[in-house]
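For reference, the chains in residue letters:
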Amino acid sequence: MWVFVNDNIVPVEQAVVSAMDHGFLYGIGLFESVRIYQGKPCFWDEHMLRLEQGMTALRIRHKWDRSEIYRAVQATLKKNKLEDAYVRISITGGEEGVGLHSGVYEQPSLYIFIKSVTPIEQPPIAKRLKVISFPRQTQEGNQRFKSHNYLNCALGKQEIGEAADIEGLFLTKEGHICEGVVSNVFWVKDNKVYTPSVDTNLLAGITRDAVITIAHAGGLNVEEGLYPLEDLLTADEVFVTNSIQELVPVSIVENIEIPYVYGKVTRKLHEAYRRLVELSN
C-alpha cells in the first residue's frame, strides 16, 4: 500500500506520524471514509463539507482546499492501481509538542489511506445486531465530529469481535437506540421508516442523510426520534448504513429474527441509492 503523507506518496512502512502531533497526543484530528466507484468519490462535496466544518470547529487551518485534496486522492489511487476503493482522509492538528494548544493549528498534517473493496453483494449479505454492554457516550463539545477520538467504537468492536456478519449496536444511557459501531440504524414498521434522532449524539452519516432524502423522494414517511430497543425488536425490516457498505439488511437483533430480511422497503431504498451512485459517476 502507498499512503499520501503531506504532499508525498510513500510506502506504508514509511508513512509515519510525529510523536509531537496533536492528532497522536490528544486526538486533535478528523477523518472521512469515502467510497470510490470507478475512480470517482461518492458524495465528495458532502464529505468535504463535514471535514471543513470539523476543521473550523477544532481550529485547524484550512491548508488544503477541496480540489487539492481531490487531486491527492486521485494520485494515491493511481499509485495504488485501484479504481474501486475505500479512502480514508485524515487531517490532524500537526506538531505542536507536549501540552494543550489554545490557538489555531497552523501546520496541520494530511494523510490519505486507500485499500481495495469487494463488490457489493446483490442482495447484500445480512448482518446480526448485538447490543453493546455500555452506552454510547455524549460528544465532548457542542456537536459530534468524525474525529480521532474513537475509543467508544474501538471498545465496541473489541466486544463484538471480528465476525464480519455482526454489527454492534449502541444504546444511549437512557436506553434509546443510537447507532452501530460503524453504521447508522434504520428500521421499517408498517411501511414507515424510522431512524434515531441526532439528539442521541449519533454521528449523522453521509449515507444516512442520503437514505432519508431518497425515502422522502420515494413517497415514504420517515420519522427521526428517541426510541426504545423494543421498537427495533418488533420491526418488519431493519438495515444499517455507511459510506463503504451502503445499505446492509439485518436478519437478527439480539436473538430476535427480523420477519423480512432485505424486504421491499429496504430493497427499494437500496436500489434507489445505487441509481444515485451511478448517476453521480
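The rules behind each value
Residues numbered from 1 in each chain as written. Predicted model: local features only at pLDDT ≥ 70, side-chain atom pairs only at ≥ 80, totals over all residues. Heavy atoms only, no water. UniProt positions renumbered as here; feature names shortened; annotations may be inferred. Patch = residues over 30% accessible without salt bridge, like charges linked within 9 Å, V, L, I, M, F, W, Y side chains within 5 Å. Areas by Shrake-Rupley, 256 points an atom, 1.4 Å probe, with all protein chains shown as cover. Salt bridge = Lys/Arg side-chain N within 4 Å of Asp/Glu carboxyl O. Helix = DSSP H or I, 4+ residues; strand = E, 2+ residues; numbered from the N terminus. Core = buried A, V, L, I, M, F, W, Y, C linked by side-chain atoms within 4.5 Å. Buried < 20%, exposed > 50% of the residue type's maximum accessible area, 1.4 Å probe, protein only. Expected span 1.5 Å × (residues − 1). Arc of directions from axis to C-beta. Contact = heavy atoms within 4.5 Å. Pairing = 2+ DSSP bridges. Axes fitted to C-alpha atoms, helices over the stretch in contact; angles between N-to-C directions. Polar contact = N/O pair within 3.5 Å; in protein donor to acceptor, adjacent residues only side chain to side chain.

The protein chain goes by Aminodeoxychorismate lyase in an unreviewed UniProt entry, where it is assigned to Brevibacillus laterosporus. Quoted straight from UniProt, the Subunit (unreviewed entry) entry for the protein chain says "Homodimer." In UniProt, the protein chain has this text filed under Cofactor (unreviewed entry): "pyridoxal 5'-phosphate".

### Concerning a nonpolar patch on the surface
A contiguous nonpolar surface patch, about 440 Å² in accessible area, is contributed by Met20, Tyr26, Val98 and Leu100. Within the secondary structure, valine 98 is located in the loop between β5 (85-92) and β6 (109-116).

### Points about the nonpolar core
Of all hydrophobic cores here, the largest spans 23 residues; its most connected members are Leu51, Ile69, Val73, Val87, Ile89, Ile91 and Ile112. Sorting the residues of this core by element identifies β3 (29-37), α2 (44-57), α3 (66-80), β5 and β6 as the ones contributing at least two each. Within the second largest apolar cluster, 21 residues are counted, among which are Phe43, Ile206, Leu220 and Leu269.

### Quick word on α2
Helix length check: α2 (14 residues) gives 20 Å between terminal C-alpha atoms against 20 Å at 1.5 Å per residue, within 8%. Three or more residues of α2 are buried, namely Trp44, His47, Met48, Arg50, Leu51, Gly54 and Met55. Around the axis of α2, the buried residues are gathered within 160° of arc, so they sit on the same side. Looking at the buried residues of α2, the elements they touch are β3, β4 (40-41), α3, β5 and α5 (206-217). Within two residues after α2, arginine 59 carries a phi angle of roughly 65°, on the positive side.

### Examining the sheet that holds β3
What the six strands build is an open sheet, ordered β2-β1-β6-β5-β3-β4; its pairing is antiparallel. Each end of this open sheet is capped by a strand with a single partner; those strands are β2 (8-11) and β4. As judged from the eight bridges shared by β3 and β5, these two strands associate in the antiparallel manner. By the bridge assignment for β5, phenylalanine 31 is matched with serine 90. With respect to the sheet, α2 is in contact with β3, β4 and β5, its orientation differing from that of β3 by roughly 175°. Against the sheet, α3 makes contact with β1 (2-5), β2, β3, β4, β5 and β6, and its axis sits at roughly 40° relative to β6, the strand it touches most.

### A few points about the environment of aspartate 84
By secondary structure assignment, the location of aspartate 84 is in the loop between α3 and β5. Relative accessible area serves as the criterion here: at 34%, aspartate 84 is assigned to the partly exposed category. Along the chain, aspartate 84 and threonine 118 lie 34 residues apart, while their C-alpha atoms are 8.3 Å from each other. Setting aside residues no more than four positions away along its own chain, aspartate 84 makes contact with Arg35, Ile36, Tyr37, Gln38, Ser116 and Val117. Polar side-chain contacts of aspartate 84 include one of 3.1 Å to the backbone nitrogen of glutamine 38.

### Describing α5
The terminal C-alpha atoms of α5, which comprises 12 residues, lie 17 Å apart, in line with the 16 Å expected from a rise of 1.5 Å per residue. Every buried residue of α5 is accounted for by Ile206, Thr207, Arg208, Ala210, Val211, Ile212, Ile214 and Ala215. Backbone geometry just after α5 places glycine 219 at a positive phi near 85°.

### What to know about the side chain of threonine 195
With respect to the secondary-structure elements, threonine 195 resides in strand β11 (residues 192-196). In terms of polar contacts, threonine 195 uses its side chain to reach the backbone carbonyl oxygen of valine 185, at 2.6 Å. Contact partners of threonine 195, with chain neighbours within four places excluded, come to Val185, Phe186, Trp187, Arg208, Ile212, Glu223, Glu224, Gly225 and Tyr227.

### Quick look at unusual backbone geometry
The phi angle at asparagine 191 is positive, at roughly 65°, despite the residue not being glycine. Among the secondary structure elements, asparagine 191 is positioned in the loop between β10 (184-189) and β11. If you check the backbone angles, glutamate 254 has positive phi at about 55° while not being a glycine. Examined against the element boundaries, glutamate 254 turns out to sit in the loop between β14 (246-253) and β15 (256-257).

### Brief notes about the pairing of β14
On a regular strand, each side chain points to the face opposite its neighbour's, so the side chains alternate between the two faces of the sheet. Most of β14 sits out of view: six of its eight residues are buried. Pairing of strand β7 (residues 127-131) with β14 involves three bridges; the strand directions are parallel. Each bridged residue has a counterpart across the sheet, and for arginine 128 the counterpart in β14 is isoleucine 252. Inspection of the sheet shows strand β13 (residues 237-242) paired to β14 by four bridges, in the antiparallel sense. Residue asparagine 242 lies in a different strand from β14, and its bridge partner there is glutamate 246.

### A few points about the pairing of strand β9 (residues 177-180)
Looking at chain direction, strand β8 (residues 166-171) and β9 are connected through three bridges and run antiparallel. Bridging from a neighbouring strand, phenylalanine 170 pairs with glutamate 179 of β9. With antiparallel pairing between neighbouring strands as the criterion, β8 and β9 make up a hairpin whose turn holds five residues, including glycine 175 at a positive phi of roughly 95°.

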